[in-house]
Amino acid sequence: MSLVGRVIRAAAALGIGLSVTLRTMFRHKVTVKYPVERLPVSHRFHGLLALPIDPETGNDRCIICFKCERICPDRCIHIEAEGKGKERVLSRFDIEMDKCCYCGLCVEVCPTEAIVFVPHYETSTYHRGRLLYALDDLHAAAPKEPVATGIIKRRRA
Amino acid sequence: MSTGFVETPAGSSTEPLPRRSQIAPIARAVEILDNLPGGGLILTTIESALNWGRASSLWPLTFGLACCAIEMMAAFASRFDLDRFGVIPRATPRQADLMIVAGRCSIKMAPIVRRLWEQMPEPRYVISMGSCATCGGPFYYDNYSILKGIDQVVPVDVYVPGCPPRPEALIEGILKLQEQIKKEPFLRQHAAALAARRHTHAPRAG
Amino acid sequence: MALRTEELMLNMGPQHPSTHGVLRLVVTLDGENIVDVQPDIGYLHSSVEKMMEYRTYVQNVALTDRGMDYLVALNNEEAYCLAVETLAGIEVPERARYIRVLFNELNRIASHLVWLGTWGIDLGATTVFLYCFREREMILDLFEKVTGGRLHHVYYRVGGVYADFPEGWVEECTGFLDYFLPRVDEYHQLLTANPIFLARTRGVGVMSRQGAIAMGASGPVGRASGVAQDIRKVAPYEVYDRFEFDVPVETEGDCYARYLVRMEEMRQSVRIIRQALRGLPGGEIRARVPMTMKAPRGEVYVRTESPRGDLGMFLVSDGGETPYRVKIRAPSFSNLYALTEMMKGWKIADVIAILGSIDIVLSDVDR
């Protein structure tokens with residue numbers, strides 16, 4: 001190919017490429033200005049784990065069956081209970097959020113929907129110890145109204 | 001557990017000592033200014049201006065280890081666009097002042113992470129992104145090859161949990177780090193460190 | 001005195017902006033020409049095969065996402081679940097099979113988009129990276145609405161899938177496909193005619209058909225060298241035999257051919273997704289499998305077509321709750337060693353172009 005022909009072909013290819021970028025300039029912008037505006041997060045999003053409080057009883061729905069502790073592939077849930085029979089109460093419910101892999105198996109096996117995902121992800125800390133979520137933290141992490149409707153709806157259907 | 005190399009305590013003498021002529025001007029200027037009446041105010045103002053500049057141009061090292069690196073790339077890409085915060089990825093540790101450890105770090109990789117961190121100029125910061133970098137995450141138990149947390153080899157400033165964290169979560173972590181940087185008494189710390197080093201390593205007379 | 005040249009040994013990586021992870025290449029150079037390339041792997045070894053021996057069959061799904069090829073989590077889950085189902089003789093409902101095919105192909109598009117974007121950056125075309133990730137985010141949004149995860153899903157279960165689509169998802173997915181096909185043309189417009197791109201890829205890193213077979217290269221790398229093998233066609237799993245799609249094959253074996261194969265694969269994936277959405281049957285999405293399932297004694301090997309190539313899963317069970325032994329046949333591993341064949345005789349500047357074109361994921365190589 002002659003030099004002139006190559007130059008013309010290169011210029012044509014450049015023109016085609018630039019026309020694509022020009023067209024994109026006039027399309028809607030995709031950038032989300034994050035701290036100011038937020039993307040809508042799906043109800044099923046695997047964010048933080050939480051123990052929502054049942055408005056009827058004023059306590060969480062955990063029945064201390066240890067199913068989530070057993071299924072957890074990372075062994076990051078630690079449950080301890082006190083008392084016997086009907087008076088058994090939770091004395092410890094810790095989730096190591098730094099070890100958790102947010103797989104959702106615990107949410108799936110829970111028979112009473114006591115442990116749920118909340119679509120909340122802004123949890124970075126300066127200290128690693130803060131990522132150990134005790135019972136109070138898990139209660140506090142839960143929103144007041146049930147947000148994980150995607151999962152709960154599917155169960156009840 | 002052992003990571004295969006000797007940890008050096010902070011402020012050790014692995015780096016070459018700065019010459020006296022290099023130390024003197026900054027440290028002495030800070031010292032004099034701090035002792036003047038009203039000088040502390042001026043110093044703090046200068047400091048906050050400097051800190052604003054440092055916090056607004058955090059250049060991270062493009063250093064992806066595993067899955068979280070993909071989310072880090074997504075954070076640099078069109079939708080989240082970390083350039084808005086002055087966070088521009090650099091390919092070499094010499095130009096970077098932030099290291100985002102994204103993903104699990106194996107024991108074979110740990111000395112290299114440490115060396116990269118040592119190659120970065122001070123002041124330097126580390127963000128541990130994701131469960132694996134924070135403590136080994138899913139690879140904590142029954143595993144012989146993954147380091148149980150990157151803080152065994154480098155000091156970490158901000159931990160971002162998630163597996164992997166959303167790009168927004170990483171951005172939030174970077175914003176947290178910026179807040180921390182803005183509060184730092186940068187000049188005074190710098191002067192004090194230099195003075196301490198001069199004090200300990202001052203050549204004996206005679 | 002005769003002029004004598006000496007060979008130079010050059011280390012690339014493990015921290016290098018374009019080695020796509022923690023790969024170390026020991027390159028032996030004669031001037032600018034590559035004499036030999038030896039990949040040094042193991043910087044991301046996560047011992048996932050050993051870990052799977054200590055996790056139950058249900059828990060292992062979470063590990064296949066992270067320990068194996070992290071860009072294609074769903075295809076890994078597919079291989080694992082298929083192996084366990086074959087071993088235990090579990091019948092997967094029809095709808096779940098369709099959903100799995102659909103998500104495999106969506107993930108294939110997402111994976112190829114990451115490859116195209118990062119390869120574009122390696123070759124100096126930053127625009128493609130931004131465009132590819134724009135489309136990829138849309139796929140991740142689709143994933144997030146169904147599976148709850150962006151990169152790691154834990155969506156497939158032994159015997160089906162975890163959850164059904166939310167309302168309006170199918171329409172959204174169709175809308176995305178309509179949006180996506182013209183974008184593939186845009187990538188072609190940006191790259192295919194570009195003389196710089198052509199000069200860096202066409203005729204570079206040639207691997208012959210014999211070489212590809214000898215090195216065990218599979219997937220797009222093998223198909224670009226004329227090895228017309230696609231597990232979806234030659235040994236169909238799930239419901240791939242019900243769909244019409246073409247397997248793109250090129251014979252040149254250079255970087256450009258690998259590029260063309262992947263670009264065409266994206267279009268074919270769109271075709272498969274369209275057919276899967278149209279033929280989506282109703283009914284159950286999950287067979288009744290207890291959370292503490294046990295697989296009978298025996299062993300099984302399944303092959304699936306991951307976006308990188310032939311992904312195999314070998315599973316041995318001693319009748320307990322956990323697998324006795326797991327071996328993963330990783331496509332990236334074989335493709336990485338085909339690299340030594342491809343690179344000999346090329347210039348040092350071509351290393352990045354060739355390395356990017358075989359699209360390896362280090363997590364898949366090391367496991």
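By convention here, each chain's residues receive numbers from 1 onward along its written sequence. To read the labels, note that chains go from A and ligands from 1, taken in the order they are written. Local features in this predicted model are restricted to residues whose pLDDT is 70 or higher, and side-chain atom pairs enter the listing and the counts only when it is 80 or higher, whereas totals over whole chains, interfaces and linings include all residues. The side-chain quantities take in all heavy atoms of the structure and omit both hydrogens and water.

Quick word on the overall build of chain B
For clarity, the cut-off: Strands here are runs of E lasting at least two residues and helices are runs of H or I lasting at least four, both read from the DSSP assignment and numbered beginning at the N terminus. Exposure is judged per residue with a 1.4 Å probe applied to protein chains only, and the accessible area is read against the type maximum: over 50% gives exposed, under 20% gives buried, and values in between give partly exposed. Residue contacts are counted whenever heavy atoms from the two residues lie within 4.5 Å of one another. For accessible areas, the Shrake-Rupley method is used with a probe of radius 1.4 Å. Any residue's cover is judged against the shown protein chains and nothing else.
Secondary structure assignment for chain B yields seven helices and four strands. Along chain B, from the amino end to the carboxyl end, the secondary structure elements read α-α-β-α-β-α-β-α-β-α-α. Considering chain B as a whole, with its 206 residues, one finds that 51% of them fall into the buried category. Sequence-distant contacts, at least 24 apart, represent 79% of the contacts inside chain B between residues at least 6 apart. When the accessible surface of chain B is split by element, carbon and sulfur atoms take 59% of a total near 9,200 Å².

A few points about the packing of aromatic side chains
Put simply, the test is: Note on ring pairs: Phe, Tyr and Trp rings are taken, using the six-membered ring of Trp, and paired if centres are within 6.5 Å. Classes follow the plane angle, with under 30 degrees stacked, over 60 edge-to-face and the rest tilted. Whether a charge sits over a ring comes down to the Lys NZ or Arg CZ being within 6 Å of the ring centre and within 35 degrees of the ring normal.
Inspection of the entire model under this criterion finds 20 aromatic pairs over all chains. Considering the side-chain rings of Y98(C) and F243(C), the 5.6 Å spacing of their centres and the 85 degrees angle between planes classify their relative orientation as edge-to-face. Placement of the pair is Y98(C) in helix α4 (residues 94–122) and F243(C) in the loop between α10 (231–234) and α11 (255–278), with a sequence separation of 145 residues. Each member of the pair, Y98(C) together with F243(C), is buried. Feature note: the residues F103(C), F143(C), Y155(C), Y156(C), F165(C) and W169(C) constitute an aromatic cluster, connected by ring pairs. The ring of Y43(C) carries K108(B) above its face, with NZ or CZ at 4.5 Å from the centroid. Stacked on the ring of Y121(A), the Lys or Arg R166(B) has its end atom at 5.2 Å from the ring centre.

Quick word on the confidence of the model for chain B
One rule of thumb: low pLDDT means the predicted coordinates there are not for detailed reading. Residues and elements named next belong to chain B. Rules: The predictor attaches a confidence to each residue, and that confidence, scored 0 to 100, is pLDDT.
Chain-level pLDDT for chain B is 80 on average; 83% of the residues reach the 70-or-more range. Per-residue pLDDT, averaged within each element of chain B, yields its smallest value for helix α1 (residues 20–35) (70) and its largest for strand β3 (residues 125–129) (91). Both confidence scores are given for the complex: pTM 0.88, ipTM 0.86.

So, the interface of chain C and chain A
Which entries qualify depends on this criterion: Once two parts are put together, the accessible area they lose, assessed with a 1.4 Å probe and summed over both, is termed the buried area. We define a salt bridge as a contact between a side-chain nitrogen of Lys or Arg and a carboxyl oxygen of Asp or Glu at a distance within 4 Å. What qualifies as a polar contact is a pair of N or O atoms within 3.5 Å, subject to a donor-acceptor requirement within protein and to the restriction that residues adjacent in sequence count only when both atoms come from side chains.
Listed by partner, the interface residues are 31 residues for chain C and 28 residues for chain A. Approximately 2,600 Å² of surface area, both sides summed, lies buried where chain C meets chain A, with 55% of it carried by carbon and sulfur atoms. The largest share of the area that chain C buries against chain A comes from Q59(C), Y162(C) and Q189(C), three residues that together contribute 21% of it. Close ionic contact of E108(A) with R286(C) constitutes a salt bridge, the shortest N to O distance being 2.7 Å. The interface formed by chain C and chain A holds 15 residue pairs in polar contact (both at pLDDT 80 or more) in total. At the level of elements, α2 (60–67), α5 (126–147) and α6 (169–191) of chain C are the ones that each hand at least two residues to the side of chain C that touches chain A. Here the side of chain C that touches chain A takes seven residues from α5(C), the largest share from any one element.

Thoughts on the sheet that holds strand β3 (residues 89–96) of chain A
Put simply, the test is: By definition, two strands form a pair when at least two bridges between them are found by DSSP.
Pairing is antiparallel in the open sheet, where three strands are placed in the order β2-β3-β5 (chain A). Looking along the sheet, the strands with just one partner apiece sit at the ends: β2 (77–82) and β5 (132–133) of chain A.

Notes on unusual backbone geometry
The step from C163(B) to P164(B) runs through a cis peptide bond, and the omega angle for that step is -15 degrees. As for its placement among the helices and strands, P164(B) is situated in the loop between β4 (158–160) and α6 (167–183).

Some remarks on the interface of chain C and chain B
At the junction of the two partners, chain C supplies 38 residues and chain B supplies 35 residues. Of the roughly 3,000 Å² buried at the junction of chain C and chain B (both faces included), carbon and sulfur atoms supply 61%. At the boundary of chain C and chain B, one finds 14 residue pairs in polar contact (both at pLDDT 80 or more). At the level of secondary structure, the elements contributing two or more residues to the side of chain C that touches chain B comprise α1 (48–52), α2, α4 and α5 of chain C. Among the elements that take part in the side of chain C that touches chain B, α5(C) stands out by supplying 10 residues, more than any other.

Digging into the pattern of salt bridges
Residue and element names in this part refer to chain C. Counting across every chain of the model gives 51 salt bridges over all chains. Between D178 and R274 there is a salt bridge, with the nearest N and O atoms lying 2.6 Å from each other. Pair noted here: D178 is in helix α6 and R274 is in helix α11, with a separation of 96 residues, a long-range link. Of the residues examined, R274 reaches a relative accessible area of 26% and is grouped as partly exposed.

Quick word on the sheet that holds strand β1 (residues 8–12) of chain C
Whenever strands of a sheet pair, they do so through backbone hydrogen bonds, lying parallel or antiparallel. All names here are of chain C. We count it as follows: Each axis is a line fitted through C-alpha atoms, and for a helix only the stretch in contact is used; angles between axes span 0 to 180 degrees, taken between their N-to-C directions.
Spatial strand order, β1-β2-β3: three strands in an open sheet with antiparallel pairing. The sheet is open, and its two borders are formed by β1 and β3 (33–40), each paired with just one other strand. Ignoring which end each strand starts from, the neighbouring axes of this sheet average 20 degrees apart. When strand β2 (residues 24–30) meets β3, the two strands line up antiparallel, connected through seven bridges. Its bridge partner being in β3, D30 is matched across the sheet by N33. Sheet contacts for helix α12 (residues 331–343): β2 and β3; angle to β3, the most-contacted strand, approximately 170 degrees.

Considering α4(C)
Under the convention used in this document: One less than the residue count of a helix, multiplied by 1.5 Å, gives the span that helix is expected to have.
Look at α4(C): 42 Å from first C-alpha to last across 29 residues, which is about the 42 Å you get at 1.5 Å a residue. When you tally the buried positions in α4(C), you get 27 out of 29 residues, the bulk of the element.

So, α5(C)
An α-helical turn contains 3.6 residues, so any two residues separated by three or four positions project in the same direction. Residue and element names in this part refer to chain C. For α5, with 22 residues, the first-to-last C-alpha span of 31 Å sits near the 32 Å given by 1.5 Å per residue. Burial of α5 is extensive: 16 of the 22 residues sit out of reach of the surface. Trailing α5 by a residue or two, G148 shows a phi angle of about 90 degrees, which is positive.

So, the packing of helix α1 (residues 3–25) of chain A against α5(C)
Packed helices, taken two at a time, are described by the angle their axes make and the gap between the axes. As a reminder of what qualifies: Here is the rule for angles: anything less than 35 degrees is roughly parallel, anything more than 145 is roughly antiparallel, 65 through 115 is roughly perpendicular, and the remaining ranges are oblique. In a left-handed crossing the near helix is turned counterclockwise from the far helix by less than a right angle, and in a right-handed crossing that turn is clockwise.
Two elements in contact, α1(A) and α5(C), have axes whose closest approach is 12 Å; the angle formed by their N-to-C orientations is 45 degrees. Compared by their axis directions, α1(A) and α5(C) come out oblique. α5(C) is crossed by α1(A), and the crossing has left-handed handedness. Counted together, V20(A), T21(A) and T24(A) of α1(A) and T127(C), Y131(C) and R134(C) of α5(C) form the full contact between these two elements.

Quick look at a nonpolar patch on the surface
Just so we agree on the cut-off: Note that patches include only residues with greater than 30% relative accessible area and no salt bridge, and the join distances are 9 Å for like charges and 5 Å for nonpolar side chains (Val, Leu, Ile, Met, Phe, Trp, Tyr).
A cluster of nonpolar side chains, namely L22(A), M25(A) and F26(A), defines an oily patch on the protein surface of about 380 Å² accessible area. Position of M25(A) relative to the elements: it lies in helix α1.

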